[in-house]
Amino acid sequence: MNTPVWLDAGLWGLLAGSALVVGAAIAWFVPVPRSVVASIMAFGAGVLISALAFDLVDEAEATGGLGPTLLGFLVGATAYVGANLVLARRGARHRKRSEDQQATEDDHPGSGSAIAVGALLDGVPESVVLGLSLLGGGGVGVPVLAAIFISNLPEGLSSAAGMKRAGRSARFVFTTWGGIALASGIAGMLGCLLLRDASPEGVAVITALAAGAILTMIADTMIPEAFERTHLYVGLIAAVGFALAFALERG
């Protein structure tokens, strides 16, 4: 018996989000060198950029036209920056950093909640895209799923390492990332349920909106963390990730 499409979307979103928990567990229990964390982050950034270019934005333009795609993309980027500015003032500016940049609760009361909300802001657009990818009836977009999973792993790893160094408890870390994984599943399900009857232009706007938010997140949080330790190699590592994701998409 086939499962409903919306349930499939929720399960795929949960799977992609679970990479955050896996990354957090590695960071919490294994002393991973920061140069390795940064290298994985750079690779994940390249993978995501490839998926954005060749799966999300390109497909949105083909589905709904250039105008709706550009509108959604720029709105998504602007909305992410606006929300991020609010969260930054509450102590979540460096939520994905593995060093000592993350605010502690003593230094910035309420920063723990802001970090959790920021993690949700980073993760939900990706899962909405997964839900949308199932609407055409061809199954989940494997390149997009792989890109999100691969990028989520170092995100969870880096952020959890920073949380640990800031003195946050294991309960906080794993509750945060477990909650984000669950929210990713719900976002994937809602993306499929709420937009299944949307017009092609509407789907294009939402897909591009998510893409704009994801690209802004990459530039704002992933690349700075990757550059922190890999410096001159970050471009090459990101390029390798981009090339492998592109090969997967075309293969």
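- As recorded in an unreviewed UniProt entry, the protein chain goes by ZIP family zinc transporter and comes from Nocardioides aromaticivorans.

Notes on helix α1 (residues 5-29)
Okay, step 1: The first and last C-alpha atoms of α1 sit 36 Å apart over 25 residues, in line with the 36 Å expected at 1.5 Å per residue.
Okay, step 2: The set of residues buried in α1 consists of A9, G10, G13, A16, G17, A19, L20, G23, A24, A27 and W28.

Some words on the UniProt feature "transmembrane region" (unreviewed entry) in the protein chain
Okay, step 1: As annotated in UniProt, the feature "transmembrane region" (unreviewed entry) corresponds to residues 12-30, 37-57, 69-88, 128-150, 170-195, 202-219 and 231-248 in the numbering used here.
Okay, step 2: Annotated as residues 37-57, this span is 100% helix and 0% strand, and its ends, taken at the C-alpha atoms, are 28 Å apart.
Okay, step 3: End-to-end, the C-alpha atoms of residues 231-248 are 27 Å apart, and along that stretch the chain is 83% helix and 0% strand.

Here's the deal with a nonpolar patch on the surface
Okay, step 1: A cluster of nonpolar side chains, contributed by W6, L7, L11, L14, L182, I186, L190 and L194, occupies part of the molecular surface with about 710 Å² of accessible area.
Okay, step 2: At the level of secondary structure, the elements contributing two or more residues to the nonpolar patch comprise α1 and α6 (170-195).
Okay, step 3: If you trace the backbone, L194 turns up in helix α6.
Okay, step 4: For L194, a relative accessible area of 66% corresponds to the exposed category.

Conventions used here
- Residues numbered from 1 in each chain as written.
- Predicted model: local features only at pLDDT ≥ 70, side-chain atom pairs only at ≥ 80, totals over all residues.
- Heavy atoms only, no water.
- Helix = DSSP H or I, 4+ residues; strand = E, 2+ residues; numbered from the N terminus.
- Expected span 1.5 Å × (residues − 1).
- Buried < 20%, exposed > 50% of the residue type's maximum accessible area, 1.4 Å probe, protein only.
- UniProt positions renumbered as here; feature names shortened; annotations may be inferred.
- Patch = residues over 30% accessible without salt bridge, like charges linked within 9 Å, V, L, I, M, F, W, Y side chains within 5 Å.
- Areas by Shrake-Rupley, 256 points an atom, 1.4 Å probe, with all protein chains shown as cover.
- Salt bridge = Lys/Arg side-chain N within 4 Å of Asp/Glu carboxyl O.

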